[in-house]
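# Commentary on secondary and tertiary structure
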Amino acid sequence: MEVPAAARRIAEAVPELRGRLYLVGGCVRDLTLGSAAKNDLDLVTTVDAPALAESLWRSGVSAMPPVTYPRFGTAMVMVDGVQVELVTARRESYDETSRKPNVAPASLEEDAARRDFTVNTLLLDPYTGELHDVLGKGIQDLQAKVLRTPDDPVVTLRDDPLRSLRAVRFRHQLGFEIDIALVLAIRQEADRLAIVSHERIRDELNKIMDLASADEAWQDLLDYGLLGRFAPELAEMVGVTQGDYHDADVWHHSRRALRNTAGQPRWIRWATWLHDIGKPRTRSVEKKRIRFFGHEKVGAEMAAELLDRLKFSRQEAAPIVTLVRHHMRFMGVPKITPAVARRLVRDLGDLIEPLLTLCDADAGALKSGVRRFDPETVRQAVAALGPVAAKNNFDSPLTGEEIMQLVNIPAGPVVGRLKRWLSDLVVNGDIPAGDRESATERLTAAKRNATEWKRITSEGATDAR
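What comes next concerns the included structure. Residue positions are given per chain, counting from 1 as you read along its sequence in written order. Where totals are concerned, whole chains, interfaces and linings use all residues; where local detail is concerned, this predicted model gives features only for residues with pLDDT of at least 70, and gives and counts side-chain atom pairs only at 80 or more. Side-chain measures here rest on the full set of heavy atoms in the structure, leaving out hydrogens and waters.

## Here we look at the sheet that holds strand E1 (residues 21-24)
Here, any two strands with at least 2 DSSP bridges between them count as paired. Each helix is a run of DSSP H or I of at least 4 residues and each strand a run of E of at least 2, with the numbering of both proceeding from the N terminus. If you walk across this open sheet you meet the seven strands as E3-E4-E5-E2-E1-E8-E9, and the pairing is mixed. What marks the edges here is a single partner per strand, and that holds for strand E3 (67-69) and strand E9 (131-132). By definition, residues are in contact when any of their heavy atoms lie within 4.5 Å. Only the stretch in contact is used when a helix axis is fitted, and all axes are lines through C-alpha atoms; the angle between N-to-C directions ranges over 0 to 180 degrees. Of the strands in this sheet, E1, strand E2 (40-45), E3, strand E4 (74-79) and strand E5 (82-88) touch helix H3 (residues 49-58), which is tilted by about 145° from E5.

Dropping the structure here:
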């Protein structure tokens with residue numbers, strides 16, 4: 001079998017480790033399946049991995065000083081632009097309440113037995129290209145396209161409960177089936193996910209979101225009893241009927257929409273998956289008609305809370321939440337007028353195209369034959385604005401500080417409402433963009449009119465109309 005160049009270079013640098021150094025894990029699995037090697041490799045050795053990493057750095061094989069974790073016998077190096085993890089063959093034991101193992105050196109067979117799935121236990125000799133199935137199970141399961149654990153599945157999952165999510169991901173990434181004993185163990189041990197950090201869960205979910213069949217993977221997470229352990233609000237969508245233009249409950253509609261975004265950036269897929277998360281909590285029935293008043297606002301708040309719990313950074317979460325909040329933007333708008341287009345540019349800027357992607361996916365998930373959204377009409381309306389169509393062009397011509405000085409008010413929510421009102425005047429074409437003089441005149445005139453002033457500055461005031 002063809003050995004990746006970075007692994008060959010390491011082997012050439014330490015010829016004395018022949019028979020004690022092997023490629024292992026996903027790289028070997030994928031190579032055996034005929035897929036290209038990834039840009040990261042795992043090597044297992046019966047010698048001290050951190051010491052080996054240090055020697056590779058000193059000899060110039062590694063392009064960076066090793067990052068070592070002596071407690072676990074692991075180290076990270078960089079060889080020819082490829083990230084390589086070196087691991088000392090080990091056995092592990094676990095405390096019931098912790099995911100952190102007690103580690104001791106072991107044989108290659110013992111190391112393979114503590115790994116997640118048999119298809120990840122194959123060893124590739126970097127010196128000869130020879131494939132070794134040390135447990136006698138890996139090749140057989142790879143050919144059968146089945147995910148099975150090297151040890152008792154309950155033991156394997158208790159060692160690292162994240163393996164339940166990994167099983168779901170590998171099922172859809174590789175097109176394999178999960179062994180029934182493992183499925184039963186996943187359901188039995190679902191509660192143990194509570195000891196796994198939200199960061200690790202987030203990383204696994206992100207990998208799932210990169211799959212074309214992400215919606216099917218989310219169905220597995222629900223069916224296996226895992227979803228409620230980290231995102232119970234998503235499970236609330238199941239069985240929530242919608243009526244009108246829908247022939248599916250909120251859960252299956254969201255799955256369809258997510259499927260429609262295959263190949264899109266991950267964050268757009270997250271926004272699409274979460275776009276109707278607020279519907280279960282806003283559902284009402286009026287005169288036999290199902291309504292979801294304000295579900296986009298509630299959904300944005302719920303999405304922000306969920307993403308924060310999963311340890312997404314604010315920078316990562318912000319555009320997702322914005323798309324959820326605005327996904328109903330075009331509902332009930334019969335025509336995209338210049339004012340509507342200007343307001344869209346002001347409020348969303350560079351997020352317009354991602355919002356169109358979400359809305360198109362949402363519309364494509366409606367009842368067969370129903371299409372209530374045409375993204376091209378929006379694009380044409382925005383393009384018709386010409387070079388002026390930049391977000392800042394439709395902002396208030398006056399700063400908050402200038403507003404406070406002109407009408408003699410302190411800092412607070414009223415200042416924000418006044419800025420929004422002036423911005424809406426620009427959007428509606430009532431004053432030219434950037435026209436400070438006109439903005440000043442309108443502001444001072446409004447201050448003199450008690451009724452107008454109350455309307456503009458009261459809580460809930462939104463625009464100049």
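## Details of the pairing of E2
Where E1 meets E2, three bridges bridge the pair, whose relative direction is antiparallel. Residue pairing for E2: Tyr22 is matched across the bridge by Val44. Note: E2 against E5, six bridges, orientation parallel. Looking at E5, one finds that Asp42 is bridged to Glu85.

## A closer look at the packing of helix H9 (residues 198-209) against helix H13 (residues 266-274)
Between two packed helices, what matters for the description is the angle formed by their axes and the separation of those axes. At a minimum axis distance of 9 Å, the contact between H9 and H13 shows a crossing angle of 95°. It follows that H9 is roughly perpendicular to H13 by the angle criterion. In this structure, H9 contributes Leu205, Asn206 and Met209 to the contact, and H13 contributes Arg266, Arg269, Trp270 and Trp273. Taken together, the residues that form the contact of H9 with H13 break down as four nonpolar, one polar and two charged. Each angle gets one of four labels, with under 35 degrees taken as roughly parallel, over 145 as roughly antiparallel, 65 to 115 as roughly perpendicular, and the rest as oblique. When residue character is reported, Ala, Val, Leu, Ile, Met, Phe, Trp, Tyr, Cys and Pro are called nonpolar, Asp, Glu, Lys and Arg charged, and the others, Gly included, polar.

## Comments concerning unusual backbone geometry
Across residues other than glycine, the phi torsion is negative in most instances, and most of the peptide bonds are trans. Even without glycine at this site, Lys288 takes up a positive phi of about 65°. Within the element layout of this structure, Lys288 appears in the loop between strand E12 (283-286) and strand E13 (289-292). Each residue gets one of three labels from its accessible area relative to the maximum for its type: buried under 20%, exposed over 50%, partly exposed in between, using a 1.4 Å probe on protein chains only. A residue is classified by how much of its surface remains accessible, and Lys288, at 84% relative accessible area, is exposed.

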